[in-house]
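One-letter residues, chain by chain:
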Amino acid sequence: MQASRARLFKEYKEVQREKVADPDIQLVCDDSNIFKWTALIKGPSETPFDGGVFQLAFSVPEQYPLQPPQVRFLTKIFHPNVHFKTGEICLDILKNAWSPAWTLQSVCRAIIALMAHPEPDSPLNCDSGNLLRSGDIRGYQSMARMYTRLAAMPKKG
């Protein structure tokens, strides 16, 4: 557990240094628990998520970095690899392809990449996956844009 704390403190210091370097990701550690983090990530440009800001919750195991963190979307998102109700994310690096070389910051980058390049063949959101698999890109993008506007964009007025 001491090694994981040391690693997380190191990542915390790097996040403080990189705040300006990576404006698409804002990682914040819980004040009272180094194993709980949240992130705000910007939706990638030229995607239905463009303009949205999505909140992620990180639960880091005591065996970190040997085991991956659990990450889920707190913001509702219409995406084939994200469970609509729970926010669970289907991403290989969070499961069987995890490596201790990954950091919380690089996990955020991988999630942004997944947002831009969905994998409809391993869907957690079947409605979203089915739209993409059937070739209805317009329908998928329309639904994803609608949920981005509803859940991930600041309310005006």
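Residues numbered from 1 in each chain as written. Predicted model: local features only at pLDDT ≥ 70, side-chain atom pairs only at ≥ 80, totals over all residues. Heavy atoms only, no water.

With respect to the helices and strands, L132 occurs in helix α3 (residues 126–133). The buried category is assigned to L132, whose relative accessible area is 15%. Along the sequence, L132 and R5 sit 127 residues apart, while their C-alpha atoms lie 41 Å from each other. (Helix = DSSP H or I, 4+ residues; strand = E, 2+ residues; numbered from the N terminus. Buried < 20%, exposed > 50% of the residue type's maximum accessible area, 1.4 Å probe, protein only.)

Quick look at the nonpolar core now. W37, I41, L56, F58, F73 and I89 are the most contacted members of the largest nonpolar core, which totals 38 residues. Within the residue set of this core, elements represented by two or more residues are α1 (2–18), β1 (25–30), β2 (33–42), β3 (53–59), β4 (70–73), α2 (104–116) and α4 (137–151). Looking at this core, the element that brings in the most residues is α2, giving eight residues. Ignoring anything within four residues of it in the chain, the contact list for F73 reads I41, F54, Q55, L56, V82, T86, G87, I89, I111 and M115. (Core = buried A, V, L, I, M, F, W, Y, C linked by side-chain atoms within 4.5 Å. Contact = heavy atoms within 4.5 Å.)

Mapped onto the elements, S106 comes out in helix α2. What makes S106 buried here is its relative accessible area of 16%.

Before going further, it helps to spend a moment on the UniProt feature "active site" (unreviewed entry) in the chain. Those places that UniProt annotates as "active site" (unreviewed entry) correspond, in this numbering, to C90. We classify C90 as partly exposed; its relative accessible area is 25%. In this structure, C90 is in contact with N81, K95, L114, S122 and L124, ignoring residues within four places of it in sequence. (UniProt positions renumbered as here; feature names shortened; annotations may be inferred.)

Bringing the state of the cysteines into the picture now. Throughout the structure, instances matching the rule amount to zero disulfides. Of all cysteine sulfurs in the structure, the one in C29 sits closest to C108, which takes part in no disulfide; the separation is 13 Å. Assessed through its relative accessible area of 0%, C108 is described here as buried. Here C126 stays unpaired: no disulfide links it, and the sulfur of C90, its closest cysteine neighbor, is 11 Å away. Classification of C126 by relative accessible area gives partly exposed; the value is 45%. (Disulfide = S-S within 2.5 Å.)

As enumerated under the stated definition, the model contains two salt bridges in all. Here E11 ties to R7 by a salt bridge, and the two come within 2.8 Å at their closest N and O atoms. Placement of both E11 and R7 in helix α1 is noted, with a separation of four residues, approximately one turn of the helix. On the basis of relative accessible area, R7 is assigned to the buried category, the value being 17%. R109 is the salt-bridge partner of D22, the closest N and O atoms lying 3.1 Å from each other. (Salt bridge = Lys/Arg side-chain N within 4 Å of Asp/Glu carboxyl O.)

Sheet architecture is open: four strands sit in the order β1-β2-β3-β4, paired in antiparallel fashion. Each edge of the sheet is formed by a strand with only one pairing partner; in this case those strands are β1 and β4. Shown here is a sheet whose adjacent strand axes are inclined to one another by a mean of 20°, direction ignored. When β2 meets β3, the two strands line up antiparallel, connected through seven bridges. Bridge pairing links K36 to S59 in β3. (Pairing = 2+ DSSP bridges. Axes fitted to C-alpha atoms, helices over the stretch in contact; angles between N-to-C directions.)

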